[in-house]
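Each chain is listed here by its residues.
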Amino acid sequence: RTVITRTAPLCDESDVANPSLWQATSSGKVDFLELYTGSSRMSHSCADIGLTVGPPIDLRTCQVSTLEEGDEVFCRAWQQVVSQEPDVILMTPEFNPWLPVSRLHKERKSQHRVVKFCCQIAAYQNAHGRRFVLMHPEASGIWNLGEVTGLLGLMDITWNNLDLK
């Protein structure tokens, strides 16, 4: 089963001790791949318990000024997903523009491309019998986007609300 997770706000970066060094596998099949916008702590944690982890992909680099550069970033990320065939992908698009109290609503248009890309990755994972986790705050506006609600039509999808306080 694949889990799409709505979460309460995560802890502040200052609450977490500096992670130690860990090994990412740049080629070949991996157990876990992270597409993140905050930190790549989950990759570190998965490597610590012995999972093979691909190099995390920073979704903030997709927020570039020209379409061509942005498409190149998406293309490189897509190639990594296809070549490494991760058993699980964790995706955490930028939170702030999607929160109801945010003053960054104008950034939603550029961030919508990132969310749409994450949904395409999710559908790809599902089509290949692999798992994905899409994590965002429960109050986030992305849960109302057609691309995200469309994921419910995929096979074996489960929605969970988690409070990570």
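Sequence order as written defines the numbering, with residues in each chain counted from 1. Totals for whole chains, interfaces and linings use every residue, but because this is a predicted model, local features are given only for residues with pLDDT of at least 70 and side-chain atom pairs only at 80 or more, for both listing and counting. Heavy atoms throughout the structure, all of them, feed into the side-chain values; hydrogens and water do not.

A. Expanded view of the overall build of the protein chain. Counting secondary structure elements, the protein chain contains 4 helices and 6 strands. For the protein chain, the succession of helices and strands along the chain, N to C, is β-β-α-β-α-β-α-β-α-β. Out of the 165 residues belonging to the protein chain, those deemed buried represent 41%. When checking whether two residues touch, look at their non-hydrogen atoms; a contact exists if any pair is within 4.5 Å. When contacts within the protein chain are restricted to residue pairs at least 6 apart in sequence, those whose partners lie at least 24 apart make up 71%. Working definition of accessibility: Shrake-Rupley area with a 1.4 Å probe, residue cover restricted to the visible protein chains. Here the protein chain displays about 9000 Å² of accessible surface, and carbon together with sulfur accounts for 52% of that area. The secondary structure listing takes helices from DSSP runs of H or I that are at least 4 residues long and strands from runs of E that are at least 2 residues long, numbered from the N terminus. Buried means the residue's accessible area, taken with a 1.4 Å probe over protein chains only, is under 20% of the maximum for its type, while exposed means over 50%, and partly exposed covers the values in between.

B. Layout of the nonpolar core. Among buried residues, those of type Ala, Val, Leu, Ile, Met, Phe, Trp, Tyr and Cys that are joined through side-chain atoms within 4.5 Å constitute a nonpolar core. Membership of the largest hydrophobic core comes to 26 residues, with the highest contact counts inside it found for Leu35, Ile89, Met91, Val115, Leu134, Ile142 and Val148. At the level of secondary structure, the elements contributing two or more residues to this core comprise strand E2 (32-36), helix H2 (67-84), strand E4 (88-91), helix H3 (108-127) and strand E5 (131-137). Ranked by the residues each element gives to this core, the list is headed by H3, at 8 residues. Setting aside chain neighbours within four positions, we find isoleucine 89 in contact with Leu33, Leu35, Val81, Ile121, Gln125, Arg131, Phe132 and Val133. Phe32, Cys46, Val133 and Met135 belong to the second largest nonpolar core, which has 6 residues in total.

C. Main features of the confidence of the model for the protein chain. Every residue is assigned a pLDDT by the predictor, reflecting its confidence on a scale from 0 to 100. Within the protein chain, residue pLDDT values average 76, and 73% of them lie at 70 or more. Looking at the elements of the protein chain, mean pLDDT is at its lowest for strand E1 (residues 2-7), recorded as 41, and at its highest for E4, recorded as 93. Predicted confidence for residues 1-19 stays below pLDDT 50, and this span has 58 contacts to residues more than four positions away or in other chains.

D. Focus on the pairing of E2. Most of E2 is tucked away, with 5 of its 5 residues classed as buried. Neither face of E2 is exposed, since Phe32, Glu34 and Tyr36 on one face and Leu33 and Leu35 on the opposite face are all buried. The rule for pairing is simple: two strands pair if DSSP sees at least two bridges between them. Where E2 lies against E4, 4 bridges are found, and the strand directions are parallel. Within E4, the residue paired with leucine 35 across the bridge is methionine 91. Across 2 bridges, E2 lies against strand E3 (residues 57-58) in parallel orientation. Across the sheet, tyrosine 36 pairs through a bridge with aspartate 58, a residue of E3.

E. Representation of helix H1 (residues 41-48) within the structure. Of all the residues in H1, the buried ones are Ser43, His44 and Cys46. Looking down the long axis of H1, one finds its buried residues gathered within 165° of arc, a one-sided arrangement. Just past H1, the residue glycine 50 takes up positive phi, approximately 100°. By definition, the arc is the one covered by directions from the helix axis to the C-beta atoms.

F. Seen up close, the packing of aromatic side chains. Aromatic contacts are taken between Phe, Tyr and Trp rings whose centres are within 6.5 Å, Trp giving its six-membered ring; a plane angle under 30 degrees counts as stacked, one over 60 as edge-to-face, and the others as tilted. This model, assessed by the stated rule, comprises 2 aromatic pairs. Following the ring pairs from residue to residue traces out a cluster consisting of Trp78, Phe117 and Tyr124.

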